[in-house]
Amino acid sequence: MQMSKEIKFEEQMKKLQEIVEKLERNDVELDESIALYEEGLKLSKSLKDQLSVFESKIAALNEGEKNE
């Protein structure tokens, strides 16, 4: 499953939270746990990448403010 940039950050965070909650409950079978864990890792990477982009934009905006 490839994470699309079209999926909003907040939606991805909610999905990741749901996955974590399912895994913490220990009420899923091993195969499903592994699939959920893999999906969670992909979501986590996508979220981290998006945060980096957001941080870069904020830094650029702040730098622009300093130069005005």
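Predicted model, so just to flag it, every value in this text is computed and none were measured.

1. Remarks on the packing of helix 1 (residues 9-25) against helix 2 (residues 30-66)
So, step 1. Taken N-terminus to C-terminus, the directions of helix 1 and helix 2 make an angle of 150°; their axes are 9 Å apart at the nearest point. Here helix 2 runs roughly antiparallel to helix 1, going by the angle between their axes. In this structure, the crossing between helix 1 and helix 2 has a hand that is left-handed. Two secondary-structure elements touch here, helix 1 through Phe9, Gln12, Met13, Lys15, Leu16, Ile19, Lys22 and Leu23 and helix 2 through Ser33, Leu36, Tyr37, Glu39, Gly40, Leu43, Ser44, Ser46, Leu47, Gln50, Leu51 and Phe54.
So, step 2. When its residues are assigned to classes, the contact of helix 1 with helix 2 shows 11 nonpolar, six polar and three charged.

2. Observations regarding helix 2
So, step 1. Between its terminal C-alpha atoms helix 2 stretches 53 Å, which fits the 54 Å expected from 37 residues at 1.5 Å a residue.
So, step 2. When helix 2 is considered as a whole, its buried residues turn out to be Ser33, Leu36, Glu39, Gly40, Leu43, Ser46, Leu47 and Gln50.
So, step 3. Those residues of helix 2 hidden inside the fold are in contact with helix 1.

3. What about the packing of aromatic side chains?
So, step 1. The final tally for this structure, using the stated rule, is one aromatic pair.
So, step 2. Plain terms: the ring middles of Phe9 and Phe54 are 5.8 Å apart, the flat faces sit at 70° to each other, and that makes the pair edge-to-face. Taken together, the positions of Phe9 in helix 1 and Phe54 in helix 2 put the pair 45 residues apart, joining distant regions of the chain.
So, step 3. According to the relative accessible area criterion, Phe9 is buried, its value standing at 19%.
So, step 4. Given a relative accessible area of 35%, Phe54 falls into the partly exposed group.

4. Re the pattern of salt bridges
So, step 1. Taken as a whole and assessed by the stated rule, the structure comprises three salt bridges.
So, step 2. Put simply, Arg25 and Asp27 hold a salt bridge, and the shortest N to O gap is 3.4 Å.
So, step 3. Where Lys45 meets Asp49, a salt bridge forms, and the shortest distance between an N and an O atom there is 2.8 Å. Of this pair, Lys45 and Asp49 both sit in helix 2, four residues apart, which is roughly one turn of that helix.
So, step 4. For Asp49, a relative accessible area of 33% translates into the label partly exposed.

Cut-off values and rules
- Residues numbered from 1 in each chain as written.
- Predicted model: local features only at pLDDT ≥ 70, side-chain atom pairs only at ≥ 80, totals over all residues.
- Heavy atoms only, no water.
- Axes fitted to C-alpha atoms, helices over the stretch in contact; angles between N-to-C directions.
- Helix = DSSP H or I, 4+ residues; strand = E, 2+ residues; numbered from the N terminus.
- Parallel < 35°, antiparallel > 145°, perpendicular 65-115°, else oblique.
- Left-handed = near helix turned anticlockwise from the far one by under 90°.
- Contact = heavy atoms within 4.5 Å.
- Nonpolar A, V, L, I, M, F, W, Y, C, P; charged D, E, K, R; others polar.
- Expected span 1.5 Å × (residues − 1).
- Buried < 20%, exposed > 50% of the residue type's maximum accessible area, 1.4 Å probe, protein only.
- Phe/Tyr/Trp six-rings, centres within 6.5 Å; stacked < 30°, edge-to-face > 60°.
- Salt bridge = Lys/Arg side-chain N within 4 Å of Asp/Glu carboxyl O.

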